[in-house]
Number of protein chains: 2
Amino acid sequence: VTGSRVTALGPGGEFDRIRAIWKRLGDRVVCVGDDAAIVTIGAERLAFSCDMAVEERHFRLAWLEPEEIGWRVGASALSDLAAVAAEPHGMLASVGVPPEHAGDFLTRVMDGLGDVAATVGAAVWGGDLVNSERVVIDAMVVGRAARPVSRSDARAGDGLWISGRLGAPHEAVAAWLAGGKPKAVTRARYARPIPRVREALWLAGKGATALIDVSDGLVGDAGHVAAASNVMLRIIAEDVPVHEGVERWESALVGGEEYELLVTLPPAFGHRQASEFTERFGLPLTHIGEVKGGHGALVERNGKPVELPQGFSHF
Amino acid sequence: VTGSRVTALGPGGEFDRIRAIWKRLGDRVVCVGDDAAIVTIGAERLAFSCDMAVEERHFRLAWLEPEEIGWRVGASALSDLAAVAAEPHGMLASVGVPPEHAGDFLTRVMDGLGDVAATVGAAVWGGDLVNSERVVIDAMVVGRAARPVSRSDARAGDGLWISGRLGAPHEAVAAWLAGGKPKAVTRARYARPIPRVREALWLAGKGATALIDVSDGLVGDAGHVAAASNVMLRIIAEDVPVHEGVERWESALVGGEEYELLVTLPPAFGHRQASEFTERFGLPLTHIGEVKGGHGALVERNGKPVELPQGFSHF
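Remember, it's a predicted structure, so these values are computed and weren't measured experimentally.

A. Seen up close, the sheet that holds strand β7 (residues 210-213) of chain A. Residue and element names in this part refer to chain A. If you walk across this open sheet you meet the seven strands as β7-β9-β6-β10-β8-β11-β12, and the pairing is mixed. Looking at which strands have only one partner, the edges of the open sheet turn out to be β7 and β12 (304-306). Adjacent strand axes in the sheet meet at a mean angle of 30°, parallel and antiparallel pairs treated alike. Bridge count between strand β6 (residues 159-163) and strand β10 (residues 285-292): five bridges; the pairing is antiparallel. Following the sheet pairing, Ile 162 is matched in β10 by Thr 286. Relative to the sheet, helix α6 (residues 197-205) contacts β7, β9 (261-265) and β10, its axis offset from that of β9 by approximately 5°.

Spelled out as structure tokens, the structure:
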């Protein structure tokens, strides 16, 4: 086991707590703060990550089919591997359910976990099933990271790019929370997010300097890259691609659980390369700003800085 | 990734559910049913396992210090690596806590996880922290398994051996559930179980044919070995070593969460080798029966079969 560094995290109470814990653990901890831990075991460089989702905190049973609940948790963990440009191999899933959900519901949750793993060539290796008052799912993923990309090497002058189109998961949740139903098009993006694994490996091959998946919201995750790389990320709000069905542009900037890739690329990477990406993956790759000297994420709209919440809070 | 087999599990509703899930997952799952999944990635043969513990189902906050809660979950996962004779390298921990426990309590839980990992040479590689109504902890562990021992290769004629002394965790929980306080000596065994990693590697080197850690209770776990190996395990109840402070011999046979090693060894392994084990690890290794043709776990006391519950249920 090699490596031993703690990447700087952006602002926020959750990150303060994480910092306190890693500090306390001292020598007993290696390689944290990036989306996934990168560890060398023997001849292999591996990436590990885990994501836990709890009923009523991360999702509501009434919103989703059991397969979608499993899919979402699996996708979120696999997206962490994409975020370090690792190739997923396997998944372990610990699931807690109340006794009345231990039959068909549980099997369908595992089905969703298995399905999303299969889309990126990974298999379910095992797990743990326990009795719990609330549904709780923890997906742990393992990948190979031959050439990992961290979030800490963005350089002034790099371009800032985003895959896909943003805002849909945020507006789906907002619709449910308002007592309504989301549009089919935003619901679908929330229910079955796609871990951008192949896209990440391609971007790594094109010289990506920093990579992160948008789980805390574009502005929040840009803040993490800025903090880790010790630079400023300037985002041009009107250039951020908004998903079909999204009504407020702010949703694309602050909405979490997108699992799209935010990537910094050398200036030589331009629109010709972005077209190649789109042709290959059927997905836009959009220039939304640049890396500059300074600190934090700066959002500009119509040439003026705008203040937006930095980070995504669960309901 | 190689391998693809599902080990037979013993009887019980939980195992019926696990069987149903693995069947449904079909090709999307590899290598489950043993204590840990054994997977070959590139040049490395690795072992993975995870264990989830939920407040009020697996432990009560009033019973344990936060460090002990973390230690126990970590020990349980690391013990799964011991059970396949793998050498632990790292741990990921997902922890859900209510907001009032997100400070000192959480840090102390992580301290316990880090401490038990350090005792077996493993480090904490990362994790996930989430907001949850009840405390929930999932520890995922990664080890190297150069020569894994499964639970499925016990052969008629092998001796049946157990490390340590049993019954203490069961009686500690029984005391709490009865509204009292456990004795210090049984409480200590419950609060800080020891993953028998070095002991397992030594036993593997001595030709262990089947290995399992006692998490479901001696009789229950013997049933798993019997089912997986397609043999009968005969246990001589009066030979099972009872821990100091334990009042009922049955506690040693049915009590779970012991994390001692139940191992089958070729007939050539005798008391001289067991003494060597004790000298090396300061722990008894006791002959408690043998492997025979047949099915299931047979418990005899004073030469007569006795019926005991096969398996450990959480309160």
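B. Layout of the packing of helix α2 (residues 66-82) of chain B against helix α3 (residues 104-119) of chain B. All names here are of chain B. The contact between α2 and α3 brings their axes to 7 Å, and the two run at 40°. Our classification of the angle between α2 and α3 gives oblique. Remark: the crossing between α2 and α3 carries right-handed chirality. Across the interface between the two elements, Pro 66, Glu 67, Ile 69, Gly 70, Trp 71, Gly 74, Ala 75 and Leu 78 from α2 touch Phe 105, Arg 108, Val 109, Asp 111, Gly 112, Leu 113, Asp 115, Val 116, Ala 117 and Thr 119 from α3. The residue inventory of the contact of α2 with α3, partitioned by class, reads ten nonpolar, four polar and four charged.

C. Structural detail: helix α3 (residues 104-119) of chain A. Residue and element names in this part refer to chain A. Over its 16 residues, α3 extends 23 Å from the first C-alpha to the last, a length consistent with the 22 Å expected when each residue adds 1.5 Å. Listed in full, the buried residues belonging to α3 are Phe 105, Leu 106, Thr 107, Val 109, Met 110, Asp 111, Gly 112, Leu 113, Gly 114, Val 116 and Ala 117. Following α3 by one or two positions, Gly 121 has its phi on the positive side, about 80°.

D. Structural view of the state of the cysteines. Scanning the entire structure with this criterion turns up zero disulfides over all chains. Of the cysteine sulfurs around A:Cys50, a residue in no disulfide, the closest is that of B:Cys50, at 9.9 Å. Take A:Cys50: its relative accessible area is 4%, and that puts it in the buried class.

E. Quick peek at the packing of aromatic side chains. All names here are of chain A. Per the stated rule, a full pass over the model turns up 19 aromatic pairs over all chains. Taken together, Trp 161, Trp 202, Phe 269, Phe 277 and Phe 281 form an aromatic cluster joined through their ring pairs. Taking the ring centre of Trp 249 as reference, the NZ or CZ of Arg 301 above it sits at 4.0 Å.

F. Spotlight on the pairing of β6(A). Residue and element names in this part refer to chain A. With five of its five residues buried, β6 lies for the most part within the structure. Burial of β6 is two-sided: the residues Gly 159, Trp 161 and Ser 163 facing one way and the residues Leu 160 and Ile 162 facing the other way are all buried. By the bridge criterion, four bridges tie β6 to β9 in an arrangement that is antiparallel. Pairing of Ile 162 across the sheet is with Leu 262, part of β9.

Rules used throughout
- Residues numbered from 1 in each chain as written.
- Chains lettered and ligands numbered in written order.
- Predicted model: local features only at pLDDT ≥ 70, side-chain atom pairs only at ≥ 80, totals over all residues.
- Heavy atoms only, no water.
- Pairing = 2+ DSSP bridges.
- Helix = DSSP H or I, 4+ residues; strand = E, 2+ residues; numbered from the N terminus.
- Axes fitted to C-alpha atoms, helices over the stretch in contact; angles between N-to-C directions.
- Contact = heavy atoms within 4.5 Å.
- Parallel < 35°, antiparallel > 145°, perpendicular 65-115°, else oblique.
- Left-handed = near helix turned anticlockwise from the far one by under 90°.
- Nonpolar A, V, L, I, M, F, W, Y, C, P; charged D, E, K, R; others polar.
- Expected span 1.5 Å × (residues − 1).
- Buried < 20%, exposed > 50% of the residue type's maximum accessible area, 1.4 Å probe, protein only.
- Disulfide = S-S within 2.5 Å.
- Phe/Tyr/Trp six-rings, centres within 6.5 Å; stacked < 30°, edge-to-face > 60°.
- Lys NZ or Arg CZ within 6 Å of the ring centre and 35° of its normal.

Function-wise, these values are silent; they only describe arrangement.
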